[in-house]
Amino acid sequence: MSLLEIKNLHAGVDGKQIIKGLTLTINPGEVHAVMGPNGSGKSTLAAVLAGREGYHVTQGEVLYKGVDLLDFAPEERAREGLFLAFQYPVEIPGVNTTYFLKAALNELRKHRGLPEVDAIEFLDIIKDKIQLLELREDLLKRSVNEGFSGGEKKRAEILQMAVLEPTLAVLDETDSGLDIDALRIVANGVNHLKRADNAQLVITHYQRLLNHIVPDYVHVLFDGRIVKSGGKELAFELEAKGYDWLIKGHKDQLQPA
Amino acid sequence: MSTATETIESFVKQGYKWGFVTDIESESAPPGLNEEIVRFISHKKQEPEWMLDWRLKAYRHWLTMTEPTWPNVHYPKIDFQASIYYSAPKKKGDGPKSLDEVDPKLLETYEKLGIPLNERARLAGVAVDAVFDSVSVGTTFKDKLAEKGVIFCSFSEAVREHPELVRKYLGSVVPYTDNYYATLNSAVFSDGSFCYIPKGVRCPMELSTYFRINAANTGQFERTLIIAEEGAYVSYLEGCTAPMRDENQLHAAVVELVALDNAEIKYSTVQNWYPGDENGRGGIYNFVTKRGICKGRKSKISWTQVETGSAITWKYPSCILQGDDSVGEFYSVALTNNCQQADTGTKMIHIGKNTRSTIISKGISAGKGQNSYRGLVKVMKGATHARNFTQCDSLLIGDKCGAHTFPYIEVKNPSARVEHEATTSKIGDDQIFYCNQRGLSKQDAVNMIVNGFCKEVFRELPMEFAVEAQKLLGVSLEGSVG
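Now for a description of the structure that goes with this document.

So, how was this worked out
- Residues numbered from 1 in each chain as written.
- Chains lettered and ligands numbered in written order.
- Predicted model: local features only at pLDDT ≥ 70, side-chain atom pairs only at ≥ 80, totals over all residues.
- Heavy atoms only, no water.
- Helix = DSSP H or I, 4+ residues; strand = E, 2+ residues; numbered from the N terminus.
- Buried < 20%, exposed > 50% of the residue type's maximum accessible area, 1.4 Å probe, protein only.
- Contact = heavy atoms within 4.5 Å.
- Areas by Shrake-Rupley, 256 points an atom, 1.4 Å probe, with all protein chains shown as cover.
- Disulfide = S-S within 2.5 Å.
- Pairing = 2+ DSSP bridges.
- Axes fitted to C-alpha atoms, helices over the stretch in contact; angles between N-to-C directions.
- Phe/Tyr/Trp six-rings, centres within 6.5 Å; stacked < 30°, edge-to-face > 60°.
- Core = buried A, V, L, I, M, F, W, Y, C linked by side-chain atoms within 4.5 Å.
- Polar contact = N/O pair within 3.5 Å; in protein donor to acceptor, adjacent residues only side chain to side chain.
- Buried area = accessible area lost by both parts, 1.4 Å probe.
- Salt bridge = Lys/Arg side-chain N within 4 Å of Asp/Glu carboxyl O.
- Nonpolar A, V, L, I, M, F, W, Y, C, P; charged D, E, K, R; others polar.

**Quick look at the overall build of chain B**
Item 1. Broken down by element type, chain B carries eleven helices and 23 strands.
Item 2. Of all 482 residues assigned to chain B, the portion counted as buried reaches 65%.
Item 3. Residue pairs at least 24 apart in sequence account for 84% of intrachain contacts in chain B once pairs closer than 6 positions are excluded.
Item 4. Of the roughly 18,000 Å² that chain B leaves accessible, carbon and sulfur atoms contribute 50%.

**Things to note about the state of the cysteines**
All names here are of chain B.
Item 1. Counted according to the given criterion, the structure contains zero disulfides over all chains.
Item 2. Here Cys153 is not cross-linked by a disulfide; its sulfur's nearest cysteine counterpart is in Cys195, at 8.2 Å.
Item 3. Classification of Cys153 by relative accessible area gives buried; the value is 2%.
Item 4. This cysteine, Cys195, is not joined by any disulfide, and Cys203 carries the nearest cysteine sulfur, 7.7 Å off.
Item 5. Overall, the relative accessible area of 0% leaves Cys195 in the buried class.

**A word on the sheet that holds strand 6 (residues 82-85) of chain A**
Residues and elements named next belong to chain A.
Item 1. Strands sit in the order 6-9-10-3-11-12 across an open sheet of six strands; the sheet is mixed. The open sheet is flanked by strand 6 and strand 12 (225-230), the only strands paired with a single partner. Within the sheet, the average angular offset between the axes of one strand and its neighbour, ignoring direction, is 20 degrees.
Item 2. Both strand 6 and strand 9 (residues 168-172) contribute to a ladder of four bridges, which runs parallel. Across the sheet, residue Leu84 finds its bridge partner in strand 9, namely Val170.
Item 3. On top of the sheet, helix 5 (residues 150-164) reaches strand 6, strand 9 and strand 10 (199-204); it is set at about 165 degrees to strand 6, its chief contact.

**So, the sheet that holds strand 5 (residues 67-68) of chain A**
Residues and elements named next belong to chain A.
Item 1. The strand order across the open sheet built from four strands is 2-1-4-5, with neighbouring strands paired in antiparallel fashion. Each having just a single partner strand, strand 2 (16-26) and strand 5 make up the two edges of the open sheet.
Item 2. Relative to strand 2, strand 1 (residues 4-13) runs antiparallel, the two being bridged by eight bridges. Note on strand 2: the bridge partner recorded for Val13 is Lys16.
Item 3. Running at roughly 110 degrees to strand 1, helix 1 (residues 42-50) makes contact with strand 1, strand 2 and strand 4 (55-64) of the sheet.

**Some words on the environment of Ala253(B)**
Residues and elements named next belong to chain B.
Item 1. Within the element layout of this structure, Ala253 appears in the loop between strand 10 (248-251) and strand 11 (254-259).
Item 2. Taking the C-alpha atoms as reference, Ala253 lies 4.9 Å from Glu222; in sequence the two are 31 residues apart.
Item 3. Beyond its immediate sequence surroundings of up to four residues, Ala253 is in contact with Asn185, Glu222, Phe287, Val288 and Thr289.

**Concerning the packing of aromatic side chains**
All names here are of chain B.
Item 1. Scanning the model with the defined rule gives 23 aromatic pairs over all chains in all.
Item 2. Both rings, one in Trp70 and one in Tyr316, keep their centres 5.8 Å apart while their planes meet at 40 degrees; by these two values the pair is tilted. Pair noted here: Trp70 is in the loop between helix 3 (49-63) and strand 2 (87-89) and Tyr316 is in the loop between strand 15 (312-315) and strand 16 (318-321), with a separation of 246 residues, a long-range link.
Item 3. On the basis of an interplanar angle of 55 degrees and a centroid distance of 5.0 Å, the ring pair of Tyr267 and Trp303 is categorised as tilted. With Tyr267 in strand 12 (residues 264-271) and Trp303 in strand 14 (residues 300-307), this residue pair connects regions lying 36 residues apart in the sequence.
Item 4. With a relative accessible area of 2%, Trp303 lands in the buried category.

**Regarding the nonpolar core**
Item 1. Counting residues in each nonpolar core, the largest one holds 62 residues, and the members touching the most others are Ile6(A), Leu49(A), Phe100(A), Ile364(B) and Val450(B).
Item 2. No other element matches helix 10 (residues 442-458) of chain B, which puts nine residues into this core.
Item 3. Within the second largest apolar cluster, 37 residues are counted, among which are Leu139(A), Val163(A), Val186(A) and Val190(A).

**Section: the side chain of Asn106(A)**
All names here are of chain A.
Item 1. Secondary-structure assignment places Asn106 in helix 3 (residues 97-111).
Item 2. Within the structure, the side chain of Asn106 is placed 2.7 Å from the backbone nitrogen of Val117, a separation counted as a polar contact.
Item 3. Excluding residues that lie within four positions of it along the chain, Asn106 makes contacts with Glu116 and Val117.

**Thoughts on the interface of chain A and chain B**
Item 1. At the junction of the two partners, chain A supplies 31 residues and chain B supplies 19 residues.
Item 2. Overall, the association of chain A and chain B removes approximately 2,200 Å² of surface from exposure, summing both partners, and the carbon and sulfur fraction of that is 61%.
Item 3. Applying the counting criterion to the chain A and chain B interface returns two salt bridges.
Item 4. Residue Lys442(B) is joined to Glu53(A) by a salt bridge in which the shortest nitrogen-to-oxygen separation is 3.4 Å.
Item 5. Applying the counting rule to chain A against chain B returns twelve residue pairs in polar contact (both at pLDDT 80 or more).
Item 6. For the side of chain A that touches chain B, the elements supplying multiple residues, two or more each, are helix 2 (74-79), strand 6, strand 7 (92-96), helix 3 and helix 5 of chain A.
Item 7. In terms of residue count, the dominant contributor to the side of chain A that touches chain B is helix 3 of chain A (six residues).
Item 8. A breakdown of the residues in the side of chain A that touches chain B according to their chemical character gives 19 nonpolar, five polar and seven charged.

This is the structure we're talking about:
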């Protein structure tokens with residue numbers, strides 16, 4: 001069974017149609033990259049999958065583990081293993097990072113019928129993960145994302161992903177704003193979390209992230225639709241030629257013969 | 001705003017768990033207020049002449065006063081003649097000599113509230129004075145405290161047993177002419193707690209008073225007086241609840257604290273009077289005067305309050321820093337949900353040299369709640385090197401509530417240093433969504449953010465009450481996000 005099946009999805013926000021018939025299937029063990037120019041609908045796709053309020057699906061369906069994902073509240077999707085690494089991670093002043101992450105992990109564990117972890121067990125879990133992301137331990141004592149640098153925020157997102165071990169991770173422009181070292185660390189973390197029973201959907205504007213996270217499939221999104229899919233070599237082609245040739249071709253296709 | 005607003009709008013449905021009524025026979029004064037009633041109360045309490053005189057002076061002065069209109073709260077005019085000024089559970093015979101003789105129904109009430117008074121289930125390490133409507137129904141651990149010379153009893157008992165102390169200190173911090181509600185209280189106060197910690201004694205346990213309004217149409221006017229002699233220390237906690245009723249009920253209390261040289265008083269309040277329903281019907285009008293004087297050198301008074309109840313709160317626990325090097329602190333969390341209104345803050349009056357004060361105020365507004373911080377920092381001419389730090393933070397949940405700040409700063413000494421910091425933030429939909437995406441429900445997300453916002457204040461509460469306060473805040477916000 002596919003992990004995620006998006007069929008002819010039409011969705012938008014504030015009455016504006018942004019995704020216009022998107023179809024995509026992701027199987028366990030696969031890494032998919034969705035690329036596209038600004039405004040093509042990449043972040044809308046992430047928001048719809050995670051269940052952000054204000055986004056409305058007008059047509060099509062999304063099956064996750066064979067059930068209709070759109071029926072579920074955002075927290076239920078999360079508990080079922082869907083993780084979104086935010087393009088702009090949100091600051092939560094006053095809420096300690098360790099406390100937040102432990103609460104999140106325990107929600108997942110409760111949902112799976114597992115016993116909750118206590119503070120000491122949790123520290124054991126997080127210690128290895130924090131090294132993987134090359135983050136300083138004192139970050140755990142600080143409020144969630146508050147006062148973090150841009151790079152720290154993105155790395156902290158992947159730290160959360162490492163703790164929560166999602167079945168499907170959606171990375172929304174995780175590479176934006178990262179210098180080359182941070183990019184390598186983030187990518188290394190993501191690669192480390194790849195397993196045969198999970199999948200990753202990497203949304204990005206630039207090809208450079210894909211030098212580090214090697215996708216099995218690359219899809220080009222334009223005007224709310226996937227206009228081209230291919231293997232990892234498609235990403236290089238895009239890097240060399242830009243998006244215009246594809247978009248142009250797509251536009252030409254739409255012209256009546 | 002679309003769905004964002006909807007999210008937060010449905011965050012306003014909450015049941016009040018303490019709203020039950022105890023069915024107990026009570027003895028009440030007829031409604032209304034006049035000299036006869038004042039005499040009646042004094043007579044009921046078998047008070048000496050001087051006490052009655054003091055009450056009458058207060059009553060006559062009250063007649064010359066008008067209700068203050070400056071607070072940022074709105075409510076229909078109170079008919080003071082409609083209220084009952086004395087109500088007590090009917091005594092069997094001479095009244096209880098010990099807790100074992102207290103009406104089981106009363107014990108049951110406190111048990112239900114989580115305040116067991118009977119011997120075997122008493123709160124470990126906390127002595128409790130339980131005040132039901134107008135009278136104290138019992139005080140625990142009295143004997144154990146007496147061993148150390150600590151006096152902890154109901155106010156009525158103190159008037160009878162320790163008149164020299166009461167006469168010396170009553171009205172010394174809040175004179176009977178102080179303000180409309182304090183003056184009213186001085187005339188008709190019914191009971192309350194009295195604590196006296198002798199020289200050099202560190203009170204061996206937390207002292208606590210639990211106030212419960214039960215009878216309908218009854219005002220509660222209690223008075224608390226705490227005296228810490230030289231080098232003494234006491235930590236005192238006050239809790240309060242009331243049944244759910246459609247009418248508003250008046251609560252006008254006075255608390256006076258006196259700290260002598262090197263003494264320290266830590267006063268914590270968890271105020272959870274019935275707040276009224278979601279349409280603003282019913283609830284307690286909480287008009288309270290709390291003031292402490294750091295009379296001696298190096299003395300310290302610390303107020304910590306968590307205010308989640310009452311329809312209207314009007315309350316400014318204050319410190320008069322008279323002794324040199326004395327310290328005043330005020331830590332406050334005030335929550336207003338639904339139609340609640342709070343105008344609360346503090347006054348720090350620096351008189352002595354090197355006096356220091358800290359004010360940490362956290363206001364949370366949800367529903368249509370209106371939350372005002374009002375604080376005065378006054379540095380008198382002689383208060384060289386006085387210092388104050390004020391931090392005043394407001395958190396908004398939803399877009400129908402309000403937060404207001406009225407800081408007053410008066411400095412008459414050029415060596416003083418006064419700092420004021422203020423922030424206003426809103427629990428954003430993006431924060432809630434972020435928590436949701438990590439598997440946390442909306443309610444848990446809000447509780448987590450609110451608790452994080454309040455943690456500097458919770459830190460100041462005695463351990464077991466900090467946990468209670470967190471839970472209470474959670475319950476008070478239940479349903480405020482849907």
